[in-house]
Amino acid sequence: MIEEKKFYVKDVLLILAGTCLYAFGLVTFNIANDLAEGGVTGITLILRALFYIDPAYSTLIINIPLILIGGKVLGKHSFYYTILGTVSLSVFLWLWQRFPIEVNLDHDLLIASLLAGLAAGIGSGLVYRVGGTTGGTDVVARILEKNYGVSMGRSLLIFDILVLILSLSYIDVKRMMYTLIVSFVFSKVVDSVLDGAYAAKGILVISDHSEDIGEVIMALLERGVTYLDGQGGYSQIDKKVLYVVVSPSEIMEIKRIVHELDSKAFISVINVHEAIGEGFTYARPTKMLFKRKKQLN
């Protein structure tokens with residue numbers, strides 16, 4: 001019970017930290033430099049520019065009905081976390097506008113765009129990481145996907161394009177292009193936060209000497225390997241397929257090991273979005289490259 005409470009407290013703190021950073025970036029970089037935004041946040045910026053409605057209030061006005069409508073789609077856990085994310089975002093937007101922190105960028109829109117995307121990406125990534133959202137078009141996209149079969153990626157892209165086009169009512173094309181930089185940086189940073197701090201690659205090796213290769217990898221790189229049963233489609237010959245997850249810096253050494261033991265082996269490198277477990281979440285002893293080469297020889 002205590003562990004469960006700690007888990008929820010950690011989630012709440014991450015959501016608050018994420019929405020605080022997101023709101024800071026929106027006020028300090030987007031609003032201060034007349035940069036637009038996609039989704040519901042972009043709509044709140046349009047309402048601010050045309051009708052002087054505070055985004056802190058319009059965020060709640062637009063999001064709360066959407067969240068209530070999409071409650072069944074979100075699920076109980078995500079529903080509560082989304083309400084927390086939406087309300088806290090509005091609160092922090094209100095606070096940062098009343099107590100702003102000026103960042104002097106000498107009117108450099110490129111730097112402002114990069115910082116806006118970085119702040120929004122890290123902030124949103126922290127919220128998404130614990131299963132929450134800040135409401136908005138995410139909810140609408142889930143409803144469309146469940147009821148009409150429209151993929152979330154497609155509907156979110158359409159929403160963002162429509163909002164950005166509408167944003168031309170208060171910004172020029174130049175700032176619109178800089179807003180696209182914000183969106184690009186945002187997506188990349190969110191992916192990085194969600195994937196975890198430790199990047200990883202999955203490697204599949206099809207060889208007649210898979211077990212020999214696996215033993216060398218386990219001995220020299222201290223990575224666990226898995227053997228999968230495979231069969232050649234043309235030859236119909238059974239083979240052991242080796243699978244191992246390593247850091248990007250170890251890929252070349254894996255290739256070298258495989259080539260030395262079987263120059264005809266087939267190697268496939270796969271992007272791994274998240275790696276959890278020994279060797280990735282815990283520090284492991286490192287070995288000098290010359291030692292590895294010495295043991296191979």
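Residues numbered from 1 in each chain as written. Predicted model: local features only at pLDDT ≥ 70, side-chain atom pairs only at ≥ 80, totals over all residues. Heavy atoms only, no water.

## Regarding helix 3 (residues 55-69)
For helix 3, spanning 15 residues, the distance from its first C-alpha to its last is 21 Å, which sits close to the expected 21 Å at 1.5 Å a residue. Most pronounced at N63, the bend in helix 3 amounts to some 25°, and the proline P65 follows within four residues. Residues of helix 3 that are buried include every one of P55, A56, S58, T59, N63 and I67, and no others. (Helix = DSSP H or I, 4+ residues; strand = E, 2+ residues; numbered from the N terminus. Expected span 1.5 Å × (residues − 1). Bend = angle between axes of the 7 residues up to and from the residue. Buried < 20%, exposed > 50% of the residue type's maximum accessible area, 1.4 Å probe, protein only.)

## Examining the UniProt feature "transmembrane region" (unreviewed entry) in the protein
Residues given the UniProt feature "transmembrane region" (unreviewed entry) here are residues 12-33, 45-67, 79-97, 109-131 and 152-171. With 91% helix and 0% strand, residues 12-33 has end C-alpha atoms that lie 31 Å from one another. In this annotation, residues 45-67 is assigned 87% helix and 0% strand; the end-to-end C-alpha distance for the span is 20 Å. (UniProt positions renumbered as here; feature names shortened; annotations may be inferred.)

## Some words on the pairing of strand 2 (residues 225-231)
Note: strand 2 against strand 3 (residues 238-246), seven bridges, orientation antiparallel. Bridging from a neighbouring strand, D229 pairs with K240 of strand 3. Where strand 2 folds back on strand 3, the antiparallel hairpin that results is connected by six residues, among which Q236 adopts a positive phi of roughly 60°. (Pairing = 2+ DSSP bridges.)

## Regarding unusual backbone geometry
With a phi close to 55°, D34 is a non-glycine residue in the positive phi region. Owing to a relative accessible area of 40%, D34 belongs among the partly exposed residues under this scheme. Located in the positive-phi region is Q236, a residue other than glycine, with phi close to 60°. Mapped onto the secondary structure, Q236 falls in the loop between strand 2 and strand 3. Among the residues examined, Q236 registers a relative accessible area of 47% and is labelled partly exposed.

## A few points about helix 6 (residues 109-129)
Here helix 6 spans 29 Å end to end across 21 residues, near enough to the 30 Å set by a 1.5 Å rise per residue. Of all the residues in helix 6, the buried ones are L109, A112, S113, A116, G117, A119, A120, G121, G123, S124, G125 and V127. The N-cap residue of helix 6 is D108: its side-chain oxygen and the backbone nitrogen of L110 are 3.0 Å apart. G131 lies just past helix 6 and shows a positive phi near 90°. (Polar contact = N/O pair within 3.5 Å; in protein donor to acceptor, adjacent residues only side chain to side chain.)

## Focus: the packing of aromatic side chains
Scanning all chains against the criterion turns up three aromatic pairs. Seen from their ring centres, F24 and F29 are 5.9 Å apart, and the 85° between their planes marks the pair as edge-to-face. For the pair F24 and F29, a shared accessibility class is recorded, and that class is buried. An aromatic cluster is built from F24, F29 and W96, whose rings are joined through pairwise contacts. (Phe/Tyr/Trp six-rings, centres within 6.5 Å; stacked < 30°, edge-to-face > 60°.)

## Structural notes on the packing of helix 3 against helix 5 (residues 76-98)
Two elements in contact, helix 3 and helix 5, have axes separated by 9 Å at closest approach and are oriented at 170°. With respect to their mutual orientation, helix 3 and helix 5 come out roughly antiparallel. Seen from helix 3, the contacting residues are P55, A56, Y57, T59, L60, N63, I64, I67 and L68; seen from helix 5, they are F79, T82, I83, T86, V87, L89, S90, L93, W94, Q97 and R98. Partitioned by chemical class, the residues of the contact of helix 3 with helix 5 number 13 nonpolar, six polar and one charged. (Axes fitted to C-alpha atoms, helices over the stretch in contact; angles between N-to-C directions. Parallel < 35°, antiparallel > 145°, perpendicular 65-115°, else oblique. Contact = heavy atoms within 4.5 Å. Nonpolar A, V, L, I, M, F, W, Y, C, P; charged D, E, K, R; others polar.)

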